[in-house]
Amino acid sequence: MERLDRLAAELERHLQEVILPFWTDRMQDGRGGFHGRITGENNLDAAAPRGAILYSRILWTFSAAYRALGRPEYLECATRAKEWLLGHFYDEQYGGVYWEVTADGTPLDTRKQFYALGFALYGLSEYHRATGDREALEQAVRLFETIERHAFDNARNGYIEAAARDWSPIEDMRLSDKDDNTPKTMNTHLHILEPYTNLYRVWPDARLRERLENLVGIFLDRIESPVTHHLGLFFDNDWHETSRNVYSYGHDIEASWLLLEAAQAIGEDELTERVKRHSRRIADAALEGYQSDGSLIYEHRADGSLDRERHWWVQAECVVGLMWLYTYHGIGEALAQAEKTWEYIRTHLVDTAGGEWFWSIREDGSVNRTDDKAGFWKCPYHNSRMCLEAMACAGHLKK
């Protein structure tokens, strides 16, 4: 307990002194919003477009930080993100949120990526959880209904990736250029599971509960390999995997604790025990990528080679997954591994001069300054959540 307490205290300081000040001091635009990008060289790109993922994750982060720490400046940032998200990303005509807008808030890419709707729901439900704000809850529930209406596959189960602005079919459903163009993915299902769990905490609706249980079942029965226990990444409509032998170690470790979190929120002992067994196996599979220096590498490729780059979000999720193994599975050595991963982060990824974290450390050990310090995908959510989960795990074990 003393070691976990020390780690939690150190990560709380890191959250308040390193991560969040970067976003409050450098990313606010002076006009009620947040800039869309700061480069890996710490240069502000004030004209950069703004993504729904960035705003939703800023909203979640500052809402969660306010709920945990009660600092009024965190509430101010969360409210700013909420108002900009609803004022500029929400599609008043068709519902849902746009994928991308210009720096002045004009719709730029109006497609409906259900991953983005999930994150908007996540942020809004956390804002309600932190403040009791009724509008945030109503908008979160509306997004839940929209996802269920337009993304759920009633014939074959699961959720499709994307639609056009008016919910008509769209040919290119990819979340990013790195992804396969398939109608169903692990990643979108994971980030619908995550907000549904958070919404259920504040809105224990029977239909939401059924959908959350169904999502857990999809992971255990469709997405997790019964042989390797890695998660499949890309699937066709009939759940045939198109990405065999590709493992994302970061998504595996993230899913291992998000699935158990969902089961705990549902509150059924039998389901929780079943998920706990699967969660341990998925975490063990993820840790095949754990290195002697405490880092977690990125990916196992289809040809059997390894992508050894150390991405910021993978390291953050590794710390959380290990802390959950220690806290909820009783795996004693997992705490030492979490401490080692944090030491790797602190030594290699934290930008002590410019604030926040770098995107990644390349395989040759060099710092990746090509990718953003803050931007469409580089948000404060993974590393802030790492700190908040450390605090939560320490608190749980004191009960």
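These figures come from a predicted structure and were not determined experimentally.

Novice: Even after reading the chapter, I still don't get the overall build of the chain, so can you show me in this structure?
Specialist: For the chain, the helix and strand inventory stands at 12 helices and 13 strands. Over its C-alpha atoms the chain spans a radius of gyration of 20 Å, differing by no more than 12% from the 21 Å that the globule rule assigns to 399 residues. When its C-alpha atoms are laid out on the principal axes, the chain stretches across 55 × 50 × 45 Å. Taken over 399 residues, the chain has a buried fraction of 61%. The contacts in the chain between residues at least 6 apart in sequence include a share of 66% that link residues at least 24 apart. Carbon together with sulfur atoms contributes 44% to the accessible area of the chain, which is approximately 15,100 Å² in total.

Novice: Can you walk me through empty space enclosed by the protein in this structure?
Specialist: Gaps left between atoms show up when a probe the size of a water molecule is rolled over them. Following the criterion strictly, the structure yields one cavity of 30 Å³ or more and no others. Taken as a whole, the largest cavity holds about 30 Å³ of empty space. For the largest cavity, the full set of lining residues is Ser256, Trp257, Leu260, Ser279, Ala283, Gly321, Trp324, Leu325 and His329. Elements with a minimum of two residues in the lining of the largest cavity: helix H8 (249–266), helix H9 (269–286) and helix H10 (312–329). No other element matches the four residues that H10 contributes to the lining of the largest cavity. Considered class by class, the residues forming the lining of the largest cavity number five nonpolar, four polar and no charged.

Novice: Can you help me understand the nonpolar core in this one?
Specialist: Generally speaking, nonpolar side chains in soluble globular proteins are found buried as a group. Ranked by size, the top nonpolar core spans 136 residues in total, and within it Trp23, Ile147, Leu193, Tyr196, Trp357 and Met386 carry the most contacts. At 13 residues, the largest contribution of residues to this core is made by H10.

Novice: Before we go on, may I ask you to explain H10 in this structure?
Specialist: Along its 18 residues, H10 runs 25 Å from first to last C-alpha, staying within 8% of the 26 Å computed at 1.5 Å per residue. With 18 of 18 residues buried, H10 is to be regarded as a mostly interior element. Just past H10, the residue Gly330 takes up positive phi, approximately 70°.

Novice: Would you mind going over the layout of surface pockets with me for this structure?
Specialist: Taken as a whole, the largest pocket holds about 920 Å³ of empty space. Lining the largest pocket are 37 residues, with Ser176, Lys178, Asp179, Asn187 and Tyr298 positioned closest to its centre. Those elements that provide at least two residues to the lining of the largest pocket are helix H6 (186–202), H8 and H10. The biggest single contributor to the lining of the largest pocket is H6, with three residues. Here the residues of the lining of the largest pocket are counted per class, giving 14 nonpolar, nine polar and 14 charged. Taken as a whole, the second largest pocket encloses approximately 390 Å³ of empty space. Taken together, 21 residues form the lining of the second largest pocket, with Arg67, Arg129, Glu261, Glu389 and Ala392 sitting closest to its centre. Sorting the residues of the lining of the second largest pocket by element identifies helix H2 (52–69), helix H4 (114–131), H6, H8, H10 and helix H12 (381–398) as the ones contributing at least two each.

Novice: Would you explain the pattern of salt bridges in this entry?
Specialist: Two side chains bearing opposite charge may form a pair once their charged atoms approach each other closely. Applying the stated criterion across every chain, the model contains 35 salt bridges. Residue Glu339 is joined to Arg3 by a salt bridge in which the shortest nitrogen-to-oxygen separation is 2.5 Å. Note that Glu339 is positioned in helix H11 (residues 332–349) and Arg3 in helix H1 (residues 2–26), a separation of 336 residues in sequence. One salt bridge in this structure joins Asp29 and Arg31, with 3.9 Å as the shortest N-O distance. With a relative accessible area of 56%, Arg31 lands in the exposed category.

Novice: What is the right way to read the packing of helix H7 (residues 206–223) against H9 from this model?
Specialist: Packed helices, taken two at a time, are described by their axes: the angle between them and the distance between them. Packing of H7 against H9 leaves a shortest axis separation of 11 Å and a crossing angle of 35°. Here H7 and H9 pass one another in a crossing that is left-handed. Facing Glu213, Val216, Leu220 and Asp221 of H7, the residues of H9 in contact are Leu271, Arg274, Val275 and His278. Looking at side-chain class alone, the contact of H7 with H9 contains four nonpolar, one polar and three charged residues.

Novice: Is there a simple way to explain the sheet that holds strand S11 (residues 310–311) in this structure?
Specialist: Neighbouring strands of a sheet are bound in pairs by backbone hydrogen bonds; such pairs are parallel or else antiparallel. Spatially, the three strands line up as an open sheet ordered S11-S12-S13, and their pairing is antiparallel. The outermost strands of the open sheet, each flanked by one partner alone, are S11 and strand S13 (367–368). Looking at chain direction, strand S12 (residues 360–361) and S13 are connected through two bridges and run antiparallel. Across the sheet, residue Ile361 finds its bridge partner in S13, namely Val367.

Novice: What exactly am I supposed to notice about the state of the cysteines here?
Specialist: Throughout this description, disulfide means a covalent bond between two cysteine sulfur atoms. The final tally for this structure, using the stated rule, is zero disulfides. The structure places no disulfide on Cys318, whose sulfur is separated from the nearest cysteine sulfur, that of Cys393, by 13 Å. Here Cys379 stays unpaired: no disulfide links it, and the sulfur of Cys77, its closest cysteine neighbor, is 15 Å away. Cys379 gets classed as buried once you look at its relative accessible area, which sits at 2%.

So, how was this worked out
- Residues numbered from 1 in each chain as written.
- Predicted model: local features only at pLDDT ≥ 70, side-chain atom pairs only at ≥ 80, totals over all residues.
- Heavy atoms only, no water.
- Helix = DSSP H or I, 4+ residues; strand = E, 2+ residues; numbered from the N terminus.
- Rg over C-alpha atoms; globule rule 2.2 N^0.38 Å.
- Buried < 20%, exposed > 50% of the residue type's maximum accessible area, 1.4 Å probe, protein only.
- Contact = heavy atoms within 4.5 Å.
- Areas by Shrake-Rupley, 256 points an atom, 1.4 Å probe, with all protein chains shown as cover.
- 1 Å grid on protein atoms, 1.4 Å probe; cavity = no way out; pocket = protein on both sides within 12 Å on 5 of 7 lines; lining within 4 Å.
- Points joined across faces, edges and corners; volume = space filled by probe spheres on them.
- Nonpolar A, V, L, I, M, F, W, Y, C, P; charged D, E, K, R; others polar.
- Core = buried A, V, L, I, M, F, W, Y, C linked by side-chain atoms within 4.5 Å.
- Expected span 1.5 Å × (residues − 1).
- Salt bridge = Lys/Arg side-chain N within 4 Å of Asp/Glu carboxyl O.
- Axes fitted to C-alpha atoms, helices over the stretch in contact; angles between N-to-C directions.
- Left-handed = near helix turned anticlockwise from the far one by under 90°.
- Pairing = 2+ DSSP bridges.
- Disulfide = S-S within 2.5 Å.

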